[in-house]
Amino acid sequence: MGNSLKAIVAFVPSDECQKYLLEDLEEMPVDKMVDLSGRQLRRLPLHICSFRELVKLYLSDNNLNHLPPELEQLQNLQILALDFNNFKALPLVVCTLKQLCILYLGNNKLCSLPLELRLLQNLKTLWIESNCLQCLPEVVCELSLLKTLHAGSNALRTLPAQLRCLQELRTIWLSGNLLSEFPPVLLDMPFLEVIDVDRNSIRFFPSLAHLPGLKLVIYDHNPCRNAPKVAKGVRRVGRWSEESPEPRKRSGAVIEIMLDEKLSPPPATKPESE
């Protein structure tokens, strides 16, 4: 009944209804964090925008499809979670929050990202998984401090060559896309530590042994004919990994051992730093 009542109250704009949804959140919390996740909200309560010292704002799992221009007042905001909402476009006001370090946009209906995203030059973590992206927006390649990019579960078929400009990038998650070949640009990114191309349509893997920073490559659930070659100490998760050698001839017989180890998906809880 609680969630059903909140869903009904969310439609009513009266101050009393908003007070119920926010559970008496009238002053900025001491920890400078506001978590309004799962409140069935269809609009952000304007008085939240008056908390000018706010550092973390979680709006996950609501019914939001726009944000008020007053959000621009939150110039100290470092973490903004907008995942699991109904955004078809990223509100431009988000791009005015120049102190943002972590931005969660997953599980919306985004088909693109605005060019204004380039203004977020402090962004280090960007989650855009489970949207409607058919190509990785090139504006992402202008986020020079980006360290973690989660673009899984979209409809990506390739990656832009400009991605190699992100020399701070260490982790890229591309699982559940439509890649038919290993993205060539990743071969020119020696600083990458984690590459996840799980659940794509890659049939052949080039050698990754020349990537000195690589620590983990996840390539399971691809119709591949080989495992990617990696340098000593690099962990592979997929068919014929280090625990399970590639098929080889031995006394006229083909030995093939399948890997039964399954990798856990990226953590459901959001890290607050990378």
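Residues numbered from 1 in each chain as written. Predicted model: local features only at pLDDT ≥ 70, side-chain atom pairs only at ≥ 80, totals over all residues. Heavy atoms only, no water.

### Considering the overall build of the protein chain
Move 1: The secondary structure content of the protein chain amounts to two helices and twelve strands.
Move 2: Reading the protein chain from its N terminus to its C terminus gives the helix and strand order α-α-β-β-β-β-β-β-β-β-β-β-β-β.
Move 3: For the protein chain, the proportion of its 274 residues judged to be buried stands at 46%.
Move 4: As displayed, the protein chain offers around 13,600 Å² of accessible surface, 53% of which is attributable to carbon and sulfur atoms. (Helix = DSSP H or I, 4+ residues; strand = E, 2+ residues; numbered from the N terminus. Buried < 20%, exposed > 50% of the residue type's maximum accessible area, 1.4 Å probe, protein only. Areas by Shrake-Rupley, 256 points an atom, 1.4 Å probe, with all protein chains shown as cover.)

### A look at the side chain of Asn226
Move 1: Checked against the element boundaries, Asn226 lands in the loop between strand E9 (216-218) and strand E10 (235-237).
Move 2: With relative accessibility at 10%, the residue Asn226 sits in the buried group.

### Things to note about the environment of Leu25
Move 1: With respect to the element layout, Leu25 can be found in the loop between helix H2 (15-22) and strand E1 (33-35).
Move 2: For the pair formed by Leu25 and Leu36, sequence separation is eleven residues and the distance between their alpha carbons is 9.9 Å.
Move 3: Each residue touching Leu25, except ones within four places of it in the same chain, is listed here: Val34, Leu36, His47, Ile48 and Phe51. (Contact = heavy atoms within 4.5 Å.)

### A look at the pattern of salt bridges
Move 1: Counted under the stated rule, the structure contains four salt bridges.
Move 2: Ionic pairing is found between Asp188 and Arg164, a salt bridge with its closest N-O pair at 2.8 Å. Separated by 24 residues along the polypeptide, Asp188 in the loop between strand E7 (171-173) and strand E8 (194-196) and Arg164 in the loop between strand E6 (148-150) and E7 bring together distant segments of the chain.
Move 3: We note a salt bridge from Arg199 to Asp198, for which the minimum N-O separation is 3.7 Å. (Salt bridge = Lys/Arg side-chain N within 4 Å of Asp/Glu carboxyl O.)

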